[in-house]
Amino acid sequence: MSSPPSSVATPRRLRHAALAVFVLTFVIGLLSVAEAFGLSTLDQHRNRVEAEAQRFDFLGDPGLLSAANGAQIATLEGMKVARGVVLGALAAACGMAFVSALRLLRPDGLPREGVRRLLVSSLIATAVVRTIDGAQWAVVAQRSMRAAVAHLKTVEPRVGMAIPEPILEPLTLAGVLAHTALVAGLLLLLAQYFRSERVKQLVALQDRGCQPPSPP
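Numbers given to residues run from 1 along each chain, matching the order in which its sequence is written. Restriction of local features to residues with pLDDT of at least 70 applies here, the model being predicted, together with a cutoff of 80 or more for giving and counting side-chain atom pairs; totals for whole chains, interfaces and linings are based on all residues. With hydrogens and water stripped out, all remaining heavy atoms of the structure feed into the side-chain values.

1. Considerations on the packing of aromatic side chains
At step 1: Pairing of aromatic rings covers Phe, Tyr and Trp, the last counted by its six-membered ring, and requires centre-to-centre distances within 6.5 Å; plane angles under 30 degrees mean stacked, over 60 mean edge-to-face, and any other angle means tilted. Taken as a whole and judged by the stated rule, the model has 2 aromatic pairs.
At step 2: Ring geometry for phenylalanine 22 and phenylalanine 98: centres 5.2 Å apart, planes at 50°, overall tilted. Taken together, the positions of phenylalanine 22 in helix H1 (residues 12-38) and phenylalanine 98 in helix H4 (residues 80-105) put the pair 76 residues apart, joining distant regions of the chain.
At step 3: The buried category is assigned to phenylalanine 22, whose relative accessible area is 16%.
At step 4: For the exposure calls, accessible area comes from a 1.4 Å probe over protein chains only, and a residue counts as buried if that area is under 20% of its type's maximum, exposed if over 50%, partly exposed in between. Residue phenylalanine 98 is classed as partly exposed on the basis of its relative accessible area, which comes to 29%.
At step 5: Ring centres 5.3 Å apart and planes at 75° place the aromatic pair tyrosine 193 and phenylalanine 194 in the edge-to-face group. Secondary structure elements are defined from DSSP: runs of H or I of at least 4 residues count as helices, runs of E of at least 2 residues count as strands, and each element is numbered from the N terminus.

Now the structure itself:
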């Protein structure tokens, strides 16, 4: 007599991949929700930054931080609606991927194959929306650095710049894009794993209540 599907042991690599989905989507989703709520308090954030900027003597100029953050907030205000839509979609996709990974390990009567497909789709959706999110942040970072460089040109430098001004903006943009590529790449890598033939076979065995011969 075969065991019920829920009693079949889950292969270790599959559990680890699901755990990676838990951590990655939880962090991304939490940050998205926090930033979405922060969009409604940009004015308060601007006032707080203006007050705190006077406490710092950044690169010999306390106004540099204020200029950079002012440009950042102004850019976010200009894209508030689009930014809110992207953040909401990102949080929703992360939540779907998180729940799907949980149900893949603990289906509670649901067919694992259907959950696996939903997990793959939600991971791909999360990667796509996270790429759009990264593109928006690239615009914000670029304009923020542009304002900082413009501010530096208006004051007499008292501290030498370690990085030449002409490459500050491209370097900032490259950093944001690299971070976006890393996160989106991890999401797509996980999606590719869960859509692999080996995982399909394991899920089919678990749906039939059969113990897999060996972990993937």
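2. Observations concerning H1
At step 1: In a regular helix each residue adds 1.5 Å, so 27 residues correspond to 39 Å; H1 covers 39 Å between its end C-alpha atoms and thus fits that length.
At step 2: If you check which residues of H1 are buried, you get Leu14, Ala17, Ala18, Val21, Phe22, Leu24, Thr25, Ile28, Gly29 and Ser32. One fewer than the residue count of a helix, multiplied by 1.5 Å, yields its expected span.

3. Describing the pattern of salt bridges
At step 1: The term salt bridge refers to a pairing of a side-chain nitrogen on Lys or Arg with a carboxyl oxygen on Asp or Glu at a separation within 4 Å. This model, assessed by the stated rule, comprises 6 salt bridges.
At step 2: Across the pair glutamate 35 and arginine 83 runs a salt bridge, and its minimum N-O distance is 2.8 Å. With glutamate 35 in helix H1 and arginine 83 in helix H4, this residue pair connects regions lying 48 residues apart in the sequence.
At step 3: Judged by its relative accessible area of 1%, arginine 83 is buried.
At step 4: The closest approach of N and O atoms between arginine 116 and glutamate 113, which form a salt bridge, is 2.6 Å. Here glutamate 113 and arginine 116 lie together in helix H5 (residues 112-152), a separation of 3 residues that amounts to about one turn.
At step 5: You can call arginine 116 buried: its relative accessible area is 4%.
At step 6: Because the salt bridges share partners, they merge into one network encompassing Glu35, Arg83, Arg130 and Asp133.

Purely geometric numbers; function is a separate question.
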